[in-house]
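Structural features, examined
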Amino acid sequence: MKQDIDISVDFAGVRLANPVFTASGTCGYGDELADFMDVNVLGGFITKSITLKPRKGNATPRIVETDSGMLNAIGLANIGLDTFVEEKLPVLEKLSTAVFVNVAGETIDEYVAVAQRLAGEAAIAGFELNISCPNVAKGGISFGTEPLQAAEITSRVKEVVGEKVLMVKLSPAVTDISVIARAAVDGGADALSLVNTFTAMVIDIESRKAVLANRTGGLSGPAIKPIAVHLVNKVYNEVAKGCGIPILGLGGIRTASDAVEFIIAGASVVGIGTANFIEPGCAVKIIEGIKKYCVRKEIKSIKELVGSLEAG
Ligand SMILES: Cc1cc2nc3c(=O)[nH]c(=O)nc-3n(C[C@H](O)[C@H](O)[C@H](O)COP(=O)(O)O)c2cc1C
């Protein structure tokens with residue numbers, strides 16, 4: 001039975017119908033999921049990373065399946081800002097869900113240029129700054145591993161996006177993720193998203209070569225979920241809770257129970273990535289499952305659940 005209860009959330013000032021997003025890079029630019037689900041049922045949609053110029057990405061093979069997960073080394077392949085504005089923005093303009101554009105680049109100026117061009121677009125609720133891509137030679141993850149750079153890129157982009165929500169996407173590949181989270185908040189981030197993928201490798205023992213042409217790729221999917229839950233809980237306790245900054249938690253979410261785990265750990269909203277390749281449209285089931293959990297536990301608002309992990 002469909003449970004008709006309100007699971008809307010306030011995410012950094014944006015009202016969302018529910019706390020479920022699709023994750024960057026796993027659902028294209030908005031129209032690719034249409035055969036599987038009504039994108040408008042999502043709390044939020046995040047585009048594939050957009051860079052100033054189109055990028056072909058890395059050589060193939062750039063995807064390989066692993067136990068309970070996958071590695072990707074796509075290398076930020078994307079259509080570039082101009083084509084995005086001409087061809088994809090009109091599609092996104094028709095959506096009623098909150099749209100976030102994921103921005104990437106090789107230099108701070110490139111990030112700023114992309115965000116500045118899109119900041120005035122009414123169809124866009126906010127931006128997700130990808131400072132955590134492990135699969136590119138220049139830029140990408142380097143902004144996300146150095147606190148001073150993380151703060152600088154955040155503040156430079158915040159200057160141009162004005163009132164739009166600026167979410168900064170963190171890498172798990174650091175000694176202390178809270179240090180980078182703090183730097184992003186100090187730089188003006190309105191929200192944090194974590195985590196991006198974990199750098200990993202698969203070897204073909206016959207050829208003794210790495211399976212991916214890039215040698216390494218980012219591990220995602222259920223295999224990373226317990227680590228991601230821990231990192232969300234750590235950033236929630238050490239940074240986000242104190243300053244009231246919401247977290248988008250992601251990493252291996254496949255079911256409503258997975259999503260609720262992230263929320264209890266401290267996420268205000270959650271993202272579904274790799275699971276879209278296994279079961280496109282699973283977000284619908286996850287939204288319904290969260291509602292059922294709230295009814296069963298007599299939870300009146302998602303806010304009550306956020307960071308509600310009990311001691312002991
Ligand atoms: C094929 C693929 C492409 C991705 N592309 C991007 C991207 O362009 N930008 C980005 O910020 N994250 C990208 N990600 C990372 C996901 O958004 C997400 O952070 C990560 O996969 C962990 O979530 P999951 O385990 O639910 O997939 C990509 C992930 C996959 C699997």
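Scroll up for the structure.
Overview of the structure. (Residues numbered from 1 in each chain as written. Predicted model: local features only at pLDDT ≥ 70, side-chain atom pairs only at ≥ 80, totals over all residues. Heavy atoms only, no water.)

This paragraph deals with the pattern of salt bridges. Enumeration according to the criterion identifies 11 salt bridges in this entry. Here Lys-158 ties to Asp-190 by a salt bridge, and the two come within 2.8 Å at their closest N and O atoms. Separated by 32 residues along the polypeptide, Lys-158 in helix α3 (residues 147-161) and Asp-190 in the loop between α4 (177-186) and β10 (191-194) bring together distant segments of the chain. For Glu-238, the salt bridge identified is with Lys-234, shortest N-O distance 3.0 Å. In this pair, Glu-238 and Lys-234 are both assigned in helix α5 (residues 225-243), 4 residues apart and thus about one turn of the helix distant. Assessed through its relative accessible area of 43%, Glu-238 is described here as partly exposed. Overlapping salt bridges, with partners in common, bring together Asp-176, Lys-234 and Glu-238 in one network. (Salt bridge = Lys/Arg side-chain N within 4 Å of Asp/Glu carboxyl O. Helix = DSSP H or I, 4+ residues; strand = E, 2+ residues; numbered from the N terminus. Buried < 20%, exposed > 50% of the residue type's maximum accessible area, 1.4 Å probe, protein only.)

Turning next to the sheet that holds strand β14 (residues 216-220). If you trace the 4 strands from one edge of the open sheet to the other, you get β5-β6-β14-β11, paired in antiparallel fashion. The open sheet terminates on both sides in strands that have one partner only, identified here as β5 (63-66) and β11 (198-201). Sheet twist, expressed as the average angle between the axes of neighbouring strands with direction ignored, equals 40°. Sheet topology places β5 next to strand β6 (residues 69-72); 4 bridges connect them, and they run antiparallel. Following the sheet pairing, Val-64 is matched in β6 by Leu-71. (Pairing = 2+ DSSP bridges. Axes fitted to C-alpha atoms, helices over the stretch in contact; angles between N-to-C directions.)

Ordered by their spatial adjacency, 8 strands build a closed barrel running β3-β4-β7-β8-β9-β10-β15-β16, and the pairing between neighbours is parallel. Each neighbouring strand pair of the sheet contributes to a mean axis angle of 25°, computed without reference to strand direction. Relative to strand β4 (residues 44-46), strand β3 (residues 20-22) is paired through 2 bridges, and the arrangement is parallel. Following the sheet pairing, Thr-22 is matched in β4 by Phe-45. Contacts from α3 reach β8 (124-130) and β9 (165-169) within the one sheet, and its direction differs from that of β9 by about 155°. (Contact = heavy atoms within 4.5 Å.)

Around the ligand sit 22 residues in total, of which Ser-24, Lys-169, Gly-221, Gly-252 and Thr-274 are the nearest. At 2.9 Å from an oxygen atom of the ligand is found a side-chain nitrogen or oxygen belonging to Asn-102. In the complex, 97% of the free accessible area of the ligand, which totals 610 Å², lies under the protein chains. Class assignment of the residues belonging to the shell around the ligand gives a composition of 5 nonpolar, 15 polar and 2 charged. (Near = heavy atom within 4 Å. Polar contact = N/O pair within 3.5 Å; in protein donor to acceptor, adjacent residues only side chain to side chain. Areas by Shrake-Rupley, 256 points an atom, 1.4 Å probe, with all protein chains shown as cover. Nonpolar A, V, L, I, M, F, W, Y, C, P; charged D, E, K, R; others polar.)

Residue Pro-61 is reached from Thr-60 by a cis peptide bond, and omega for that bond is -5°. The amide bond that connects Leu-194 to the next residue, Val-195, takes the cis arrangement and shows omega of 20°. With respect to the element layout, Val-195 can be found in the loop between β10 and β11. Not every positive phi belongs to a glycine, and Ser-68 is a case in point at roughly 55°. Mapped onto the secondary structure, Ser-68 falls in the loop between β5 and β6. In this model, Glu-298 sits at a positive phi of 55°, which is unusual for a non-glycine residue. Within the fold, Glu-298 resides in the loop between α8 (282-296) and α9 (302-305).

The next point concerns the nonpolar core. Residues Leu-192, Leu-194 and Ile-290 are the most contacted members of the largest nonpolar core, which totals 105 residues. Considering every element that reaches this core, the biggest residue donor is α5, with 8 residues. Residues contacting Leu-194, with those up to four places away along its chain left out, are Leu-170, Ile-177, Leu-231, Val-232, Val-235, Ile-247, Leu-248, Gly-249 and Leu-250. (Core = buried A, V, L, I, M, F, W, Y, C linked by side-chain atoms within 4.5 Å.)

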